[in-house]
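Take a look at the letters that make up each chain.
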Amino acid sequence: MMTFGGHLEVLRRMLFRVLGVSCAVAVAVFCFKDATWRVLMAPSEWDFVTYSLIERLAAAVGMTDFHFPEFHVKLIATDLSSQFMTHLTTSVYIGLLVASPYILYELFRFVSPALTTGERKHSVKAVVAVYLLFMAGVLVSYYVLFPVSFRFLGTYSVSSRVESTITLDSYISTFITLTLLMGVVFQLPAVSFVLGKMGIVNAAALARYRKHAFIAILVVAAAITPGQDILSLTLVSLPLYLLYEISIRVVKHCGCG
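So, here's what we can say about the structure. (Residues numbered from 1 in each chain as written. Predicted model: local features only at pLDDT ≥ 70, side-chain atom pairs only at ≥ 80, totals over all residues. Heavy atoms only, no water.)

**Topic: the environment of Leu88**
Here is step 1 of the chain: Residue position: Leu88 is located in helix H4 (residues 82-111).
Here is step 2 of the chain: On the basis of relative accessibility, which here comes to 35%, the residue Leu88 falls in the partly exposed class.
Here is step 3 of the chain: Sequence spacing of Leu88 and Lys121 is 33 residues, and the spatial spacing of their C-alpha atoms is 38 Å. (Helix = DSSP H or I, 4+ residues; strand = E, 2+ residues; numbered from the N terminus. Buried < 20%, exposed > 50% of the residue type's maximum accessible area, 1.4 Å probe, protein only.)

**Overview of the side chain of Ser112**
Here is step 1 of the chain: Within the secondary structure layout, Ser112 lies in the loop between H4 and helix H5 (117-155).
Here is step 2 of the chain: There is a polar contact of 3.2 Å between the side chain of Ser112 and the backbone oxygen of Arg109. (Polar contact = N/O pair within 3.5 Å; in protein donor to acceptor, adjacent residues only side chain to side chain.)

**Here's the deal with the packing of aromatic side chains**
Here is step 1 of the chain: Inspection of every chain in the model, using the stated rule, returns 12 aromatic pairs.
Here is step 2 of the chain: Ring centres of Phe146 and Tyr171 lie 5.1 Å apart, and the angle between their planes is 85°; this geometry places the pair in the edge-to-face category. With Phe146 in helix H5 and Tyr171 in helix H6 (residues 168-185), this residue pair connects regions lying 25 residues apart in the sequence. You'll find Phe146 and Tyr171 in the same group, each marked buried.
Here is step 3 of the chain: With a centroid separation of 5.5 Å and an interplanar angle of 90°, the aromatic rings of Phe214 and Tyr241 are classed as edge-to-face. Here Phe214 is found in helix H9 (residues 210-224), whereas its partner Tyr241 is found in helix H10 (residues 230-253), with 27 residues between them in sequence. (Phe/Tyr/Trp six-rings, centres within 6.5 Å; stacked < 30°, edge-to-face > 60°.)

**Observations concerning helix H7 (residues 188-197)**
Here is step 1 of the chain: For H7, every residue scored as buried is listed here: Pro189, Ser192 and Gly196. Axial view of H7: buried residues confined to an arc of 60°, hence all on one face. (Arc of directions from axis to C-beta.)

**Points about the nonpolar core**
Soluble, globular proteins show a tendency: their nonpolar side chains are buried together.
Here is step 1 of the chain: Ranked by size, the top nonpolar core spans 42 residues in total, and within it Phe146, Phe150, Met182, Leu240 and Tyr244 carry the most contacts.
Here is step 2 of the chain: In terms of residue count, the dominant contributor to this core is H10 (seven residues).
Here is step 3 of the chain: Once residues within four sequence positions are removed from consideration, Phe150 is found in contact with Pro43, Ser44, Phe71, Val73, Leu75, Thr155 and Tyr171. (Core = buried A, V, L, I, M, F, W, Y, C linked by side-chain atoms within 4.5 Å. Contact = heavy atoms within 4.5 Å.)

**So, the layout of surface pockets**
Here is step 1 of the chain: Of the volumes computed, that of the largest pocket is approximately 670 Å³.
Here is step 2 of the chain: Taken together, 26 residues form the lining of the largest pocket, with Tyr93, Ile94, Leu97, Val138 and Thr179 sitting closest to its centre.
Here is step 3 of the chain: Every element with two or more residues in the lining of the largest pocket is listed here: helix H2 (33-41), H4, H5 and H6.
Here is step 4 of the chain: Among the elements that line the lining of the largest pocket, the one with the most residues is H5, at 11 residues.
Here is step 5 of the chain: Taken together, the residues that form the lining of the largest pocket break down as 20 nonpolar, six polar and no charged.
Here is step 6 of the chain: The calculated volume of the second largest pocket comes to roughly 340 Å³.
Here is step 7 of the chain: Sorting the residues of the lining of the second largest pocket by element identifies H5 and H7 as the ones contributing at least two each. (1 Å grid on protein atoms, 1.4 Å probe; cavity = no way out; pocket = protein on both sides within 12 Å on 5 of 7 lines; lining within 4 Å. Points joined across faces, edges and corners; volume = space filled by probe spheres on them. Nonpolar A, V, L, I, M, F, W, Y, C, P; charged D, E, K, R; others polar.)

**Focus on the packing of H2 against H4**
Here is step 1 of the chain: Contact geometry of H2 with H4 gives a least axis separation of 12 Å together with a crossing angle of 80°. Relative to H4, the element H2 is oriented roughly perpendicular. Listed contacts from H4 to Lys33, Thr36, Trp37 and Leu40 of H2 are Thr86, His87, Thr90 and Ile94.
Here is step 2 of the chain: When grouped by side-chain class, the residues that make up the contact of H2 with H4 number three nonpolar, four polar and one charged. (Axes fitted to C-alpha atoms, helices over the stretch in contact; angles between N-to-C directions. Parallel < 35°, antiparallel > 145°, perpendicular 65-115°, else oblique.)

Shown next as structure tokens:
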């Protein structure tokens, strides 16, 4: 049986491996500056893929005249070191995100010896589900929530005499905040599963309050989406409501009907 000091040594080695891989990925992201910032800046463009896809879908159903108006928002840096520091910190965030599967693997390998075979199997499923839900939230934020938010806030004007120039720091901080927010929100099925196992909720109750949940989702969507137009609310509300329906199925599947 391993001593306490032995466990600390294993933990130390694991942390060094995690730190080394995360730093290596962050350095690679930092070096590939053009490709990285092409991806980060894409949601700020008026012809972003989400808008193009919606226009093609509108044309497919006969709405050939539907087009998003062209817009241009200028990004600026106000401090001497702001571009470099933003590039550095963003590389660290992306490095952690890209290295997250390896980090989870190392953490699981560290704790797995203390688990039984059954616990280990269920833990793997839980970790994979939580991670996939988080990444789904990240993708929804990137392709839906952030572009819609940037389009509304970046083009909103109280007067034609006021020109919007957004700082790079503001752009990145909003991007990261919304991404983390959606990653957390998308944990709803996992949270529902845990609550169902604890006997706090059941599938019948969730289904019975479906209409109430829909109203609550609309309120949440209106709160986290700056734009108050129907399109913005729809693009954000649909994924959230889909999560609620998935939560009902998950709770029902786990035997908490």
